[in-house]
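Survey of secondary and tertiary structure
Take a look at the letters that make up each chain.
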Amino acid sequence: MAKASLKEKIKQGLLLLDGAMGTQLIAGNIEAGKCSDYLNIESPDIVSNIHKAYLQAGSDAVLTNTFGANKIALARHGLAEQVEKINIAGAKIARQSILRPLRTAKDEAAGEQKYVLGDIGPSGDFLKPLGNLEPQNLKDAFVRQAEALLAGGVDGFIIETMTALDEITIAIEAVKSVCGGLPVFASFAFDRAGGDYRTMMGVDVESAVSKALSLGADAVGFNCGTATLDEYVELAQKFVSAIEALEKSRGTSHESRVTILAEPNAGKPELIDGKAVYKVSPEDFASAMEKIHSLGVNIIGGCCGTTPAHIEAIAKRLKK
Ligand SMILES: [Zn+2]
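Residues numbered from 1 in each chain as written. Predicted model: local features only at pLDDT ≥ 70, side-chain atom pairs only at ≥ 80, totals over all residues. Heavy atoms only, no water.

Focus: the coordination of the zinc ion
Put simply, the rule is: Donor atoms (N, O, S) are those found within 2.8 Å of the metal centre, with the cutoff raised to 3.2 Å for Na, K and Ca; water is not part of the atom list, so apparent gaps in a site can occur. Helix and strand definitions follow DSSP, with helices as H or I runs of at least four residues and strands as E runs of at least two, each counted in order from the N terminus. Categorising residues by exposure relies on relative accessible area from a 1.4 Å probe, with only protein chains included: less than 20% of the type maximum marks a residue as buried, more than 50% marks it as exposed, and the intermediate range marks it as partly exposed.
Protein coordination at the zinc ion comes from Cys224 (SG), Cys303 (SG) and Cys304 (SG), with a distance range of 2.2 to 2.3 Å. Counting the intervening residues between successive donors of the zinc ion yields the motif C-x78-C-C. Taken together, the residues Cys224 in strand β8 (residues 219-224) and Cys303 in the loop between β12 (299-300) and α13 (308-318) connect sequence positions 79 residues apart. Looking at Cys303, the relative accessible area reads 12%, which means it is buried.

As structure tokens, this is what we get:
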């Protein structure tokens, strides 16, 4: 079977992503404060083993270890000049993690249906006047990162953990300007705030959805956040309703419906000895994700605190 492009794949039904990279690295005793993206250069085996564990657990796609690999975030570690090296390496490690364990024809057929998503996180600063960033500088940062991920061989991009509309606008435009038609997913970090859901910068679900869709994102949704599992289910319903309302107002058909993405954390973190600890079990997480999928959310995965066991529990329920 020839590999379906990622754009085709997300129209076919479930696309199971991976779980956390960051909290897995911390669990593997990576020094706090260290640039985890630099592990792509320094310790590629650590990164590769995490990808492989998720692929074995049933992930259809893995996210590159490049969350903070834009020049603005890397500059905080004195690594702004390493953008290309780190992102190309990140994409190659993910690609090789898919290819390397393939020994039989059956493995190969399975490997054909796995994908690499180039991961792009926020800059960690704000645009002027709130912060120090000039729009052109921010755009350059995302263009350079996306070009390097593309050179490393990704199948698509996920712009994630975004909280500001102006930043995600620039990120989507930047990535789309160089992505060669590959799909671009846009994901916001929502918290429950005063009976509603908003990002840290005050963006509500309706604004997030309409902005991402007007910019041509292939999927829109949420990841990370500080909600409980029940609240994430409610948030997913809000995304579904917001997209339905938008389609109604535009008179677009059901077939053109954008794909929704959900990668919640493993519940609300508890602070223990100054560390965020996530206690939701794989079974409880998978049960919530089954509900979210049944609402019509087709791209599913986990953020902070989720492990290969969480992904495996989802695969058992949803991939029969
Ligand atoms: Zn997270």
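Thoughts on the pattern of salt bridges
Cut-off, in case you're wondering: Any carboxyl oxygen of Asp or Glu that lies within 4 Å of a side-chain nitrogen of Lys or Arg is treated as forming a salt bridge with it.
The tally for this structure, following the rule as stated, stands at 11 salt bridges. Across the pair Arg95 and Asp155 runs a salt bridge whose closest N-O atoms are separated by 2.9 Å. With Arg95 in helix α6 (residues 83-99) and Asp155 in the loop between α8 (135-152) and β4 (156-162), this pair connects stretches of sequence that are 60 residues apart. The exposure classification of Arg95 matches that of Asp155, with both residues buried. For Glu234, the salt bridge identified is with Arg192, shortest N-O distance 3.1 Å. With a gap of 42 residues between them, Glu234 in helix α11 (residues 229-250) and Arg192 in strand β6 (residues 190-193) connect regions that are remote in the sequence. Taken together, the salt bridges that share partners define one network made up of Arg192, Glu231 and Glu234.

Quick notes on the layout of surface pockets
Convention followed: Using protein atoms alone on a 1 Å grid, points that fit a 1.4 Å probe yet trap it form a cavity, whereas open point sets bounded by protein on both sides within 12 Å along at least five of seven lines form a pocket; residues with an atom within 4 Å of a point count as lining. Grid points are joined across faces, edges and corners, and a volume is the space filled by probe spheres set on the points. Residue classes follow a fixed rule: Ala, Val, Leu, Ile, Met, Phe, Trp, Tyr, Cys and Pro count as nonpolar, while Asp, Glu, Lys and Arg count as charged, and any other residue, Gly among them, counts as polar.
The volume enclosed by the largest pocket comes to roughly 830 Å³. Contributing elements (two or more residues each) for the lining of the largest pocket: α2 (22-27), α5 (71-75) and β4. Class assignment of the residues belonging to the lining of the largest pocket gives a composition of 15 nonpolar, 12 polar and 8 charged.

What about unusual backbone geometry?
Trans is the common state for peptide bonds, and a negative phi is the common state for residues other than glycine. Residue Lys128 is joined to Pro129 through a cis peptide bond whose omega torsion reads 10 degrees. Tracing the chain through its elements places Pro129 in the loop between β3 (115-120) and α8. In this structure, Cys224 is a non-glycine residue whose phi angle is positive, near 55 degrees.

None of this, on its own, says anything about what the molecule does.
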